[in-house]
There are 2 protein chains.
Amino acid sequence: MNEREEPVNDSEETERRTANGPGTPGGARGMTRRALLVGVGAAGGAGAMFAAMGALGLAPESHDSPQRDFVPPQPSDFSLTGRGAAKVVILGAGVAGLTCAYELGKAGYDCTVLEAADRVGGRNLTLRGGDRLTETGGRPQTAAFGEGVYFNAGAGRIAPWMVTMDYCRELGVPIETFVNNNASAYVYTRGMTAPVRARTARADMYGYVAELLAKASGAGALNRRLTRQDRERLAEFLRRFGDLGPDLAYRGSTRRGFVTYPGVDAGLPIGVPPSLAQVFAAGMGRAITMDFGYDQAMPMFQPVGGMDAIVTALAAAVGRDRIRTGTPVTGLKNLPDGVEVTHRGGTFRADYCVAALPPNLLARLPHNLGAEITAALGTPVPVAAGKIGLEYGRRWWEIEDRIYGGVTETDLDITHIWYPSHGYHSRSGLVVGYYNTEENAELYGRLSHGARRARALTQGKKIHGEKYRTDLRSSVSIAWHRQPYLEGGWVRWPSYEGGFALLQRPAGRVYFAGDWLTHLVAWQAGAMESARRTVTELHERVLRATPS
Amino acid sequence: MNEREEPVNDSEETERRTANGPGTPGGARGMTRRALLVGVGAAGGAGAMFAAMGALGLAPESHDSPQRDFVPPQPSDFSLTGRGAAKVVILGAGVAGLTCAYELGKAGYDCTVLEAADRVGGRNLTLRGGDRLTETGGRPQTAAFGEGVYFNAGAGRIAPWMVTMDYCRELGVPIETFVNNNASAYVYTRGMTAPVRARTARADMYGYVAELLAKASGAGALNRRLTRQDRERLAEFLRRFGDLGPDLAYRGSTRRGFVTYPGVDAGLPIGVPPSLAQVFAAGMGRAITMDFGYDQAMPMFQPVGGMDAIVTALAAAVGRDRIRTGTPVTGLKNLPDGVEVTHRGGTFRADYCVAALPPNLLARLPHNLGAEITAALGTPVPVAAGKIGLEYGRRWWEIEDRIYGGVTETDLDITHIWYPSHGYHSRSGLVVGYYNTEENAELYGRLSHGARRARALTQGKKIHGEKYRTDLRSSVSIAWHRQPYLEGGWVRWPSYEGGFALLQRPAGRVYFAGDWLTHLVAWQAGAMESARRTVTELHERVLRATPS
């Protein structure tokens with residue numbers, strides 16, 4: 001189970017992943033062009049690699065193709081080899097486990113998915129009116145949301161290059177735009193006296209940056225680096241970029257927004273900007289750059305009606321009769337000719353096992369896979385993450401604030417406020433009042449739901465005023481690190497060396513799968529990519545095996 | 001008629017409107033706070049105005065409220081005064097005319113809308129399979145689009161602060177997100193050897209700008225302007241903004257995108273960036289800043305199923321029996337006690353008239369309003385604008401290019417390519433192959449539809465390759481300056497002095513309305529704001545008038 005479309009939610013995290021990411025290109029996949037490039041890159045440095053990429057039609061100027069090669073197992077694979085589809089037991093009905101069962105099922109594998117929880121989906125969780133949520137050591141909550149209101153308590157957004165999009169297409173799950181960045185949303189940092197619109201923060205920061213560089217260039221500070229033509233082109237860009245005056249000074253701009261927007265008259269723009277020193281002191285950098293990364297850039301997407309449409313469709317394609325919920329696993333054994341899984345209801349034998357649980361849980365599961373595997377499973381560190389869904393009886397953020405979707409960025413312990421990217425203009429709606437991780441998530445996670453709500457409302461009120469509290473209708477909160485059978489939002493690998501590579505390979509007849517085994521940790525796409533890799537390797541092995 | 005949600009489509013235009021916009025705040029509206037501020041601004045300069053705004057709670061730190069005050073006429077207005085609703089003839093069933101009829105109708109005015117064309121909506125025009133399009137001097141086209149495919153040939157997007165959103169809410173027109181900027185779309189300028197993704201263009205431009213400023217600051221070039229603390233904060237921002245290395249150099253970044261995105265392995269980023277000189281020479285500034293303005297910022301919105309849902313709903317609320325299509329007006333006369341409109345079918349008398357036609361057509365209409373009015377009507381200059389809708393039988397831009405909505409920016413004569421922000425993953429779809437204005441629109445407008453299509457395909461192929469041509473299923477193009485009863489995409493005021501102010505006032509019993517009478521030219525919101533103003537003034541006059 002347990003894959004999740006949750007992007008990291010602070011820039012530190014993004015930077016960490018970025019550092020882990022492209023720094024180690026290549027990996028174990030058998031792609032000739034890429035292997036060549038990795039070799040060239042290692043031998044000749046980036047310049048040589050770039051030249052080689054050009055020769056291969058892979059240079060930035062060429063059309064990139066984010067798609068990976070993947071050929072699902074097919075029944076014909078067996079008819080050609082005289083071998084038969086094997087019996088596979090899959091631990092966990094999260095996105096990784098369901099994707100494994102779905103892809104193996106295409107070739108006729110006899111798959112059974114054992115899921116500890118009483119539902120499928122893992123960290124893909126959509127809560128609706130009447131849904132119950134249990135936390136370890138907490139009182140159960142029951143969502144009181146009205147008709148049509150839902151809360152994506154886990155996975156919340158999909159980038160267009162992600163394989164998640166392909167599964168939505170293949171499974172017929174309709175998608176819609178997810179607004180990940182909204183110029184009308186607010187930025188609020190403790191360096192500011194009051195929130196400002198994102199458009200205002202951006203206009204001021206860009207304005208001053210452009211002015212500083214234009215003036216430095218004009219004063220000759222760049223003459224050694226830039227030709228005169230370069231400097232002219234730079235000045236032209238900076239004028240546009242910062243909306244500078246003819247003298248290359250920034251004095252504010254209509255980009256900051258308006259007290260009253262233009263109409264019959266010209267409108268009233270929202271005044272002159274704070275000083276350069278005030279703008280820098282406000283510390284809005286994280287908010288302004290939040291969508292610059294490859295995983296957060298606009299536009300993003302979501303299934304219509306709730307993220308769980310993906311796992312609902314996957315489970316239906318797998319066959320509900322192949323999925324046993326409420327079945328926690330208590331042991332896992334490699335046998336000479338198969339695997340044996342023990343669970344509360346008894347034991348289950350199969351030819352192969354795919355363990356698609358979080359590594360922190362797998363590390364505690366009694367098994368005979370060896371100490372090295374246990375150590376590897378214990379390496380990644382679970383990360384705390386939490387969210388609260390706040391249902392309001394009227395969409396004040398649309399009517400009064402003109403915020404339709406998107407995110408308000410703060411440096412408060414709530415970190416973000418998300419506004420819904422769907423159901424625009426309907427009567428009620430749900431705002432995500434916090435989406436935080438690490439220390440902030442642990443802080444909220446220790447509280448009762450009522451205390452979480454009170455704290456979230458106190459913080460959100462700093463941005464939206466009294467209506468944020470008074471107009472609340474109902475709420476549900478989740479601390480993922482306190483969710484039974486999950487115990488974390490996702491994991492962090494201290495290093496991708498060692499255990500990460502070991503667990504890519506099977507331990508006997510046991511394979512591992514999950515977002516935690518990819519460079520897309522915390523995204524459903526990671527779970528799906530990992531599942532595809534596991535399915536490919538397992539299938540190749542079955543095709544190679546001596547017919548029994 | 002004839003208001004239109006079409007934003008200007010090049011930055012020159014945006015800059016022009018910006019220059020016209022907030023430079024002349026105030027106008028004739030009776031808002032005390034604003035009048036005060038305008039006075040303060042004139043007397044004390046921007047600093048004094050800013051201080052005054054703070055005192056009034058209007059400073060940037062306060063919550064702005066983009067809503068204008070507007071109270072629609074109501075039947076009770078008459079019962080209180082003993083007066084009666086008047087008979088009003090409205091010329092043009094575009095957005096301005098329909099909005100006038102809708103708002104006046106709320107109080108029981110006896111409105112009749114005379115529309116020259118055989119349909120309502122003016123420049124709000126959605127074409128579907130079977131629809132015919134006629135151009136002056138051109139062969140009629142019939143759209144051959146398949147089921148569910150539509151082409152917003154005119155108005156295409158709505159900013160969240162616009163009054164258009166309020167009408168969608170009030171009229172029950174469902175809306176969805178319009179993707180106006182997409183990191184996965186392309187940028188293509190003649191300064192480049194091949195298109196690059198918008199994310200790549202942005203990463204490189206920001207990277208080099210950040211590096212240049214960070215190094216200039218490090219070398220002491222900003223020491224006179226910035227304190228040490230400012231410089232530290234600036235460096236921190238620039239590191240984030242440009243994704244710079246620890247030495248503050250830009251060497252590319254994962255933000256550029258990937259040849260193969262991260263998955264089980266770390267992915268293969270798309271190489272090292274071109275040199276700083278190459279990046280500047282590519283001339284990508286317009287593309288990168290296209291959504292920085294207050295009118296184009298993300299997110300934007302569109303009605304579900306086609307822009308004409310707005311005019312369909314307005315017309316239904318007005319009452320179809322009050323709208324006479326196919327009724328071109330041939331004369332307009334103020335009488336001592338009313339107005340007389342002549343049309344092909346005869347004459348029509350009413351107490352008042354609202355002329356909601358484009359000014360270029362009103363200037364030619366025989367009338368008795370005086371030479372000054374004729375001169376004022378002749379002042380704004382019609383602007384050419386054109387679009388082509390290209391229907392494809394498969395959504396290659398989603399499947400192969402991973403582009404879901406958004407705009408590819410070019411400096412070719414097609415200017416833009418729009419990808420649909422709806423119907424994701426459906427079988428077919430429609431791309432806007434050009435959306436251009438002025439000289440480019442005139443160039444395309446002079447061609448037959450077949451020649452326009454051929455030219456658009458030749459240009460688009462530079463970005464998307466052969467499939468852009470081979471996979472085409474059908475197409476329709478429009479040259480707004482060749483549309484009967486419109487003769488332009490919108491107008492440009494050489495100056496907002498003189499005629500603009502004159503036409504805000506009625507000429508006898510004739511009022512004017514349209515986007516062309518606002519600072520939101522080319523937007524439906526302009527038409528609606530103008531209509532609201534006209535309705536307010538007309539209603540106040542009727543309430544003041546001696547009961548007849």
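For the structure itself, consult the block above.
An account of the accompanying structure is given in this report. Being a predicted model, the structure only gives us computed values, none of them experimental.

## Comments concerning helix 5 (residues 163–171) of chain A
Spacing of three or four residues puts side chains on the same side of an α-helix, whose turn is 3.6 residues.
All names here are of chain A.
Logical step 1: In terms of burial, helix 5 is a largely internal element, seven of the nine residues being buried.
Logical step 2: Close packing links the buried residues of helix 5 with helix 4 (95–105), strand 7 (175–178), strand 12 (300–303), helix 10 (309–318) and helix 18 (524–544).
Logical step 3: In the stretch just after helix 5, G172 is the one whose phi turns positive, near 70°.

## Re the pattern of salt bridges
All names here are of chain A.
Logical step 1: Applying the stated criterion across every chain yields a total of 60 salt bridges over all chains.
Logical step 2: The salt bridge involving R482 is made with E135; its shortest N-O contact spans 3.9 Å. Residue R482 is found in the loop between strand 23 (472–479) and strand 24 (490–492), and its partner E135 is found in the loop between strand 4 (132–133) and strand 5 (141–142); the two are separated by 347 residues along the sequence. Both residues of the pair, R482 and E135, belong to the buried class.
Logical step 3: R394 serves as the salt-bridge partner of E400, at 2.8 Å between the closest nitrogen and oxygen.
Logical step 4: On the basis of relative accessibility, which here comes to 33%, the residue E400 falls in the partly exposed class.
Logical step 5: Overlapping salt bridges bring together R394, E400, D401, K467 and D471 as one network.

## Considering the packing of aromatic side chains
Logical step 1: The final tally for this structure, using the stated rule, is 58 aromatic pairs over all chains.
Logical step 2: When the centroid spacing of 6.5 Å and the interplanar angle of 65° are considered together, the rings of Y352 of chain B and Y511 of chain B count as edge-to-face. Here Y511 of chain B lies in strand 25 (residues 510–512) and Y352 of chain B lies in strand 17 (residues 352–355), a separation of 159 residues in the sequence. Accessibility classification places Y352 of chain B together with Y511 of chain B in one group, the buried group.
Logical step 3: Seen from the ring of Y435 of chain A, K387 of chain A lies directly overhead, with NZ or CZ sitting 5.0 Å from the centre.
Logical step 4: The ring of Y444 of chain A carries the charged tip of R455 of chain A above its face, separated from the ring centre by 5.7 Å.

## Topic: the sheet that holds strand 1 (residues 87–91) of chain B
Residues and elements named next belong to chain B.
Logical step 1: The sheet built from five strands is open, its strands ordered 13-2-1-17-25 with parallel pairing. On the outer flanks of this sheet lie strand 13 (323–324) and strand 25, each paired with one strand and no other.
Logical step 2: Sheet analysis places strand 1 next to strand 17, joined by four bridges and oriented parallel. In the sheet register, V88 faces strand 17, and the bridge partner there is Y352.
Logical step 3: The strands that helix 18 (residues 524–544) touches are strand 1, strand 17 and strand 25; relative to strand 25, the one it contacts most, it runs at about 155°.

## Things to note about the sheet that holds strand 14 (residues 329–335) of chain B
All names here are of chain B.
Logical step 1: Reading across the sheet, the three strands line up as 14-15-16 and stay open at both edges, with antiparallel pairing between neighbours. Only two strands of the sheet have a single neighbouring strand rather than two, namely strand 14 and strand 16 (346–350). Sheet twist, expressed as the mean angle between neighbouring strand axes with direction ignored, is 20°.
Logical step 2: In terms of strand pairing, strand 14 meets strand 15 (residues 338–343) through six bridges, oriented antiparallel. When the bridges of strand 15 are listed, N334 appears paired with V339.

Calculation notes
Residues numbered from 1 in each chain as written. Chains lettered and ligands numbered in written order. Predicted model: local features only at pLDDT ≥ 70, side-chain atom pairs only at ≥ 80, totals over all residues. Heavy atoms only, no water. Buried < 20%, exposed > 50% of the residue type's maximum accessible area, 1.4 Å probe, protein only. Helix = DSSP H or I, 4+ residues; strand = E, 2+ residues; numbered from the N terminus. Contact = heavy atoms within 4.5 Å. Salt bridge = Lys/Arg side-chain N within 4 Å of Asp/Glu carboxyl O. Phe/Tyr/Trp six-rings, centres within 6.5 Å; stacked < 30°, edge-to-face > 60°. Lys NZ or Arg CZ within 6 Å of the ring centre and 35° of its normal. Pairing = 2+ DSSP bridges. Axes fitted to C-alpha atoms, helices over the stretch in contact; angles between N-to-C directions.

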